[in-house]
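Single-letter residue listing:
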Amino acid sequence: MFGFLKSHHPLRHARSFKHAFTGIFHALVEEPNFRVQVVIVVISVLLGARFKITNAEWGLLILSMGLLLMAEVLNTVVEDTIDFFIKDFDEGVKVIKDLSAGFVLITAITALVILILIFWPYFFVLLPA
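For the protein, the name recorded in an unreviewed UniProt entry is Diacylglycerol kinase family protein, with candidate division WWE3 bacterium as its organism. Per UniProt, the protein carries the Subcellular location (unreviewed entry) text "Cell membrane". In its Sequence similarities (unreviewed entry) section, the UniProt entry covering the protein states "Belongs to the bacterial diacylglycerol kinase family."

(A) Seen up close, the overall build of the protein. The secondary structure content of the protein amounts to 4 helices and 0 strands. Each helix (α) and strand (β) of the protein, taken in turn from the N terminus, gives the series α-α-α-α. Across the 129 residues in the protein, those meeting the buried criterion constitute 23%. For the protein, contacts bridging at least 24 residues in sequence account for 69% of all contacts bridging at least 6. Counting only carbon and sulfur atoms, one obtains 75% of the accessible surface of the protein, whose full area is about 9,600 Å².

(B) Seen up close, the nonpolar core. The biggest cluster of nonpolar side chains holds 15 residues, and the ones touching the most others in it are I53, L61, M65, I118 and F119. Listing elements by their share of this core, those giving two or more residues are α2 (32–51), α3 (55–85) and α4 (91–126). Counting residues per element, this core draws most heavily on α4, which supplies 6 residues. Each residue touching M65, except ones within four places of it in the same chain, is listed here: I40, V41, S44, A111 and L115.

(C) Structural detail: the UniProt feature "transmembrane region" (unreviewed entry) in the protein. The UniProt record annotates "transmembrane region" (unreviewed entry) at residues 58–78 and 103–127. Between the C-alpha atoms that bound residues 58–78 the distance is 30 Å, and the span itself is 100% helix and 0% strand.

(D) Representation of the UniProt feature "binding site: a divalent metal cation" (unreviewed entry) in the protein. UniProt records the feature "binding site: a divalent metal cation" (unreviewed entry) at E31 and E79, using the numbering of this structure. Sequence-wise these annotated residues cover 49 residues; spatially they are packed, their C-alpha atoms never more than 11.7 Å apart. On the secondary structure map, E31 appears in the loop between α1 (10–30) and α2. On the accessibility criterion, E31 (18% relative accessible area) is buried. Excluding residues within four positions of it along the chain, E31 makes contact with H26 and T76. Mapped onto the fold, E79 is located in helix α3.

(E) Here's a closer look at the packing of α3 against α4. Two elements in contact, α3 and α4, have axes whose closest approach is 9 Å; the angle formed by their N-to-C orientations is 165°. Our classification of the angle between α3 and α4 gives roughly antiparallel. α3 and α4 meet at a crossing whose hand is left-handed. For the contact of α3 with α4, the per-class residue count stands at 21 nonpolar, 4 polar and 5 charged.

About the criteria used
- Residues numbered from 1 in each chain as written.
- Predicted model: local features only at pLDDT ≥ 70, side-chain atom pairs only at ≥ 80, totals over all residues.
- Heavy atoms only, no water.
- UniProt positions renumbered as here; feature names shortened; annotations may be inferred.
- Helix = DSSP H or I, 4+ residues; strand = E, 2+ residues; numbered from the N terminus.
- Buried < 20%, exposed > 50% of the residue type's maximum accessible area, 1.4 Å probe, protein only.
- Contact = heavy atoms within 4.5 Å.
- Areas by Shrake-Rupley, 256 points an atom, 1.4 Å probe, with all protein chains shown as cover.
- Core = buried A, V, L, I, M, F, W, Y, C linked by side-chain atoms within 4.5 Å.
- Axes fitted to C-alpha atoms, helices over the stretch in contact; angles between N-to-C directions.
- Parallel < 35°, antiparallel > 145°, perpendicular 65-115°, else oblique.
- Left-handed = near helix turned anticlockwise from the far one by under 90°.
- Nonpolar A, V, L, I, M, F, W, Y, C, P; charged D, E, K, R; others polar.

Put into structure tokens, the structure is as follows:
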């Protein structure tokens with residue numbers, strides 16, 4: 001009668017979070033680009049706190065930084081999946097990997113533009129007149 005509750009059991013959700021954090025830890029340990037991007041996120045958050053950015057700016061900052069990290073994880077998933085199944089060089093595989101890397105690059109450039117738009121005015125406050 002209550003079989004539908006099994007899929008929503010709190011322990012099942014706790015295990016799901018454990019797997020998710022294991023994946024994030026794997027990205028931190030194994031992916032140098034992910035580590036660099038985490039440093040960028042930390043610096044951005046520290047700058048946001050230092051300059052007391054607005055709630056709207058926080059929203060853009062969190063969204064852009066989150067998307068950047070998500071893009072890197074997705075790129076890793078694509079590349080690792082392809083490497084797992086296809087051992088030999090293939091031009092089609094190269095195109096897929098290049099597209100995945102391009103996705104990360106577009107996301108990184110977008111995040112950079114957002115960072116510049118947010119923090120550029122605050123840096124002028126620091127410069128002497």
